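# Descriptive analysis of the structure
Okay, here's what each chain looks like letter by letter:
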Amino acid sequence: MSLSDSIPNNVDLSSDRKLLRALEKWQPNFIQWWMDMGPDGYQEDEIYLRTAVDVDPKGWATYEYVKMPDYRWGIFLTPRDEQRFVNFGDNKGAKAWEEVPGELRGILRRIIVTQADTEPASVEQQRQLGKTAPSLYDLRSLFQVNVEEGRHLWAMVHLLHQYFGRDGREEAEALLERRSGDPDKPRILQTFNEKTDDWLSFFCFTMFTDRDGKFQLAALSESGFDPLARATQFMLTEESFHLFTGETGIERIVQRSCELQKQDPNGDARAQGGIDLPTIQKWINFWFSSAVELFGGEISSNAADYFATGLKGRYREAAKYDDHDALGEIYDMEVFEDGKLGSREVPLRNALNELLRDEYVADCTRAVRKWNHTIKKQGVDFQLKLPNRRFNRSMGMYAGASFDLEGNPITEEEFEKNRTKWLPTAADREYVCSLMTPVYERGQIANWIAPPKKGVDGKPFDFEYVKFNR
Ligand code: BYC
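The following refers to the structure shown. Given the structure is predicted, the values throughout are model-derived calculations rather than measurements.

Attention now goes to the overall build of the protein. Looking only at helices and strands, the protein features 13 helices and seven strands. Against the compact-globule benchmark of 23 Å for 470 residues, the protein has a radius of gyration of 23 Å, which places it among compact chains. Counting only C-alpha atoms and orienting by the principal axes, one finds that the protein spans roughly 70 × 60 × 45 Å. The buried share of the protein, taken over its 470 residues, is 58%. Sequence separation of 24 or more characterises 72% of the internal contacts of the protein that already satisfy a separation of 6 or more. Put simply, the protein shows about 19700 Å² of open surface, and 47% of that area lies on carbon and sulfur atoms. One way to put it: in the protein the 61 positive side-chain charges average out to a point 2 Å from where the 77 negative ones average out.

In structure tokens form, the structure reads like this:
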């Protein structure tokens, strides 16, 4: 079978011999990486998976039982608009680029490689989770997320191969060589080197870390480099399921926690084998503070360059803004200078990472509000909170200083005194991990999480989402 048959695509792969050859060389290495670093086990089992087969919003995917190594990792770009222009920055009004402008080659490659690197990283981080899923429904969700991150890697590798020649091919190889958490060859962004070995972490990861993906991909989908815009637009279609998995996963744990707390004579969800709300809060504190780092420094000349060149826009640049120059405008930024909080006027272009982070924080705040609604409906007196963005930072302006959950400056000693109250301890992790035993009977679910409101693809919760071949 030729690669163009096994890879569903709308980039006319079969007629581009050079690209096809490059991808044909890369594919066995990808499969080898998948077997070595993808889900540990389960490669012979049949998973009820969604596969992207088109970009038509009405029917872009099919559902069927697939063994993961046989998944058809396709390459899709949303349809080309021949009339599209660069919509922002100093090149505004130029025809959108179909090839990489020579002078932008370096920074564009860097953006694409950074984006690409997160995809295999997340699969590596989630490698062991198949062993402890709370239900077949959740096991399927995990594998769906994993294969789609694999497809997103393909999407970026396609761009590297098609538009960056030998440099691109080398970068594509390197993407399969770096390893999450490996001190010698780590993944590029720190969050993608964190351990994700319990399911509360998985749901926090898909809630908070994947949500960075939503905003970064949205910013890239505005790009004047048209193939990048079109690739990321389609990635966002798949991404929404990942975010749904995280947001509803936490909601289901919160709900179960409330139910168990109410059942217990001392109001202790842990005594009933659940994850208590204060523990969930610690996980939120950890994963949110790790994910906010992913937006880069508050004041960033890189971000200004990405915008000026027309490679990376603001969130919903075309739809939301009237002025697409962002010149002469000021962002009133909270700053921490000389040990004090204050504010400083920063040229907007230099504040674009912070502006995107604002959008992200607002979206996370909405989700926390929803979880609190669940708690209230259960009649439990507790509120989850998003920590302030200054809390527990190791990059950017707030790195090196200490802040409490509300973002007030404190001494390092105070932070250390409260660390076990605010962030997961080894004992918390041990406890949460102790609950992670697999539940793989149809229609059954682990005690620490509520079932989902509905199943996938119109199927009920007790559908056989995974058929084990052993
Ligand atoms: N860790 O000007 P600065 C996703 C580096 S997630 C390590 O402050 P900049 C997904 C930076 O590279 C979305 N290093 O920041 C989610 C620079 O290095 P150099 C991924 C970091 O460049 C779940 C230096 O610090 N996509 O899709 O404006 C599952 C100063 O940089 C970090 C993207 O990120 C960090 N956290 O912004 C699967 C989009 N932050 O120049 C998938 C592409 C900064 O000193 N990337 N640095 O060597 C970008 O747009 C930008 O690279 C960043 C950083 C927003 C990440």
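Once the structure has been displayed, the description carries forward.
With that settled, consider the layout of surface pockets. Volume-wise, the largest pocket comes out at about 820 Å³. As for the largest pocket, its lining consists of 35 residues, and the residues nearest its centre are T114, L189, Q216, L294 and K312. Elements that contribute at least two residues to the lining of the largest pocket include exactly α3 (105-125), α6 (199-220) and α9 (301-309). Considering only residue class, the lining of the largest pocket consists of 13 nonpolar, 14 polar and eight charged. Approximately 380 Å³ is the volume found for the second largest pocket. Lining the second largest pocket we find 18 residues, and of these Y137, F244, T248, K453 and K454 sit closest to its centre. Mapped by element, the contributors of at least two residues to the lining of the second largest pocket are α4 (136-163) and α7 (226-263). Top contributing element to the lining of the second largest pocket by residue count: α7, with seven residues.

Once that is clear, we can look at the site of the ligand. Residues in close proximity to the ligand total 30 residues, the closest being R110, Q115, G297, S300 and K312. Note that an oxygen atom of the ligand is positioned 2.9 Å from one of the side-chain N or O atoms of N302. Taking K312, its side chain carries an N or O atom lying 2.6 Å from an oxygen atom of the ligand. In isolation the ligand exposes 1000 Å². Once the protein is present, 81% of that is buried. A molecule is said to occupy a pocket when more than half its atoms come within 2 Å of that pocket's grid points, and by this definition the ligand occupies the largest pocket. Those elements giving two or more residues to the shell around the ligand turn out to be α3, α6 and α9.

In the structure shown here, the tally under the stated rule is two cavities of 30 Å³ or more. Taken as a whole, the largest cavity spans an internal volume of roughly 120 Å³. Where the lining of the largest cavity is concerned, the elements lending two or more residues are α9 and α11 (352-377). Residue contributions to the lining of the largest cavity peak at four residues, all from α11. In terms of residue class, the lining of the largest cavity is made up of eight nonpolar, two polar and two charged. Its boundaries defined by the atoms lining it, the second largest cavity holds a volume of some 30 Å³. Y137, D138, S141, F244, T245, T248, G249 and R252 together form the lining of the second largest cavity. Only α4 and α7 provide two or more residues apiece to the lining of the second largest cavity. Looking at the lining of the second largest cavity, the element that brings in the most residues is α7, giving five residues. In terms of residue class, the lining of the second largest cavity is built from two nonpolar, four polar and two charged.

So, about the environment of K282. Turning to its location among the elements, K282 is positioned in helix α8 (residues 277-292). Expressed as a C-alpha distance, the spacing of K282 and L423, which sit 141 residues apart in the sequence, is 4.8 Å. For K282, the residues in contact, after removing those within four places along its chain, are T420, K421, W422, L423, P424, T425 and D428. Separated by 2.7 Å, the side chain of K282 and the backbone oxygen of T420 make a polar contact.

As a further point, take the packing of helix α2 (residues 17-37) against α3. Where α2 contacts α3, the two axes come as close as 9 Å, and the packing angle between them is 30°. With respect to each other, α2 and α3 are oriented roughly parallel. Residues W33, W34 and M37 of α2 touch α3, and the partners they reach there are P120, V123 and E124.

Here strand β3 (residues 330-337) pairs with strand β4 (residues 340-347) via eight bridges, running antiparallel. Note that in β4 the partner of I330 across the bridge is P347. Between β3 and the antiparallel strand that follows it, β4, lie two residues; D338 among them carries a positive phi value of about 50°.

Once that is clear, we can look at the sheet that holds strand β1 (residues 46-52). In space, the three strands of this open sheet follow the order β2-β1-β7, with antiparallel pairing throughout. The open sheet terminates on both sides in strands that have one partner only, identified here as β2 (61-67) and β7 (466-467). With seven bridges joining them, β1 and β2 adopt antiparallel strand pairing. Of the residues in β2, the one forming a bridge with L49 is E64. Lying over the sheet, α4 contacts β1, β2 and β7, oriented at roughly 40° with respect to β1.

Parameters at a glance
- Residue positions within a chain follow its written sequence, with the count starting from 1.
- pLDDT decides what is reported in this predicted model: residues at 70 or higher carry local features, side-chain atom pairs at 80 or more are listed and counted, and totals for whole chains, interfaces and linings draw on all residues regardless.
- Heavy atoms from the whole structure form the basis of all side-chain values; hydrogens and water molecules are not counted.
- Only runs of H or I of at least four residues qualify as helices and only runs of E of at least two qualify as strands under DSSP, and these elements are numbered from the N terminus.
- We take the radius of gyration over the C-alpha atoms and set the globule estimate at 2.2 Å times the residue count to the 0.38 power.
- Type-normalised accessible area, obtained with a 1.4 Å probe on protein chains alone, sets the label of each residue: buried when under 20%, exposed when over 50%, and partly exposed for intermediate values.
- Residue contacts are counted whenever heavy atoms from the two residues lie within 4.5 Å of one another.
- Accessible surface area values rest on a Shrake-Rupley calculation with a 1.4 Å probe, where residue burial reflects the displayed protein chains alone.
- Working convention for charge: Lys and Arg count positive, Asp and Glu count negative, and His plus the chain ends are omitted.
- Where a charge lies is defined by one atom per residue type, namely NZ (Lys), CZ (Arg), CG (Asp) and CD (Glu).
- A pocket here means an open set of points on a 1 Å grid, computed over the protein atoms alone, that has protein on both sides within 12 Å along at least five of seven lines. A cavity is instead a set of points where a 1.4 Å probe fits but cannot get out; residues with an atom within 4 Å of a point line either one.
- Grid points are joined across faces, edges and corners, and a volume is the space filled by probe spheres set on the points.
- The residue classification treats Ala, Val, Leu, Ile, Met, Phe, Trp, Tyr, Cys and Pro as nonpolar and Asp, Glu, Lys and Arg as charged. All others, Gly included, are polar.
- A single heavy atom is enough: if one lies within 4 Å of a molecule or strand, its residue is considered near that molecule or strand.
- Any N or O atom pair separated by 3.5 Å or less is treated as a polar contact, with the protein-specific requirement of one donor-capable and one acceptor-capable atom, and with residues adjacent in sequence counted only for side-chain atom pairs.
- Grid points define the cavity or pocket, and a molecule sits in it when more than half of its atoms lie within 2 Å of them.
- Lines fitted to C-alpha atoms define the axes, with helix axes restricted to the stretch in contact, and inter-axis angles between N-to-C directions lie between 0 and 180 degrees.
- Each angle receives one of four descriptions, namely roughly parallel if under 35 degrees, roughly antiparallel if over 145, roughly perpendicular if within 65 to 115, and oblique otherwise.
- In short, DSSP must find at least two bridges between two strands for them to pair.

Function-wise, these values are silent; they only describe arrangement.
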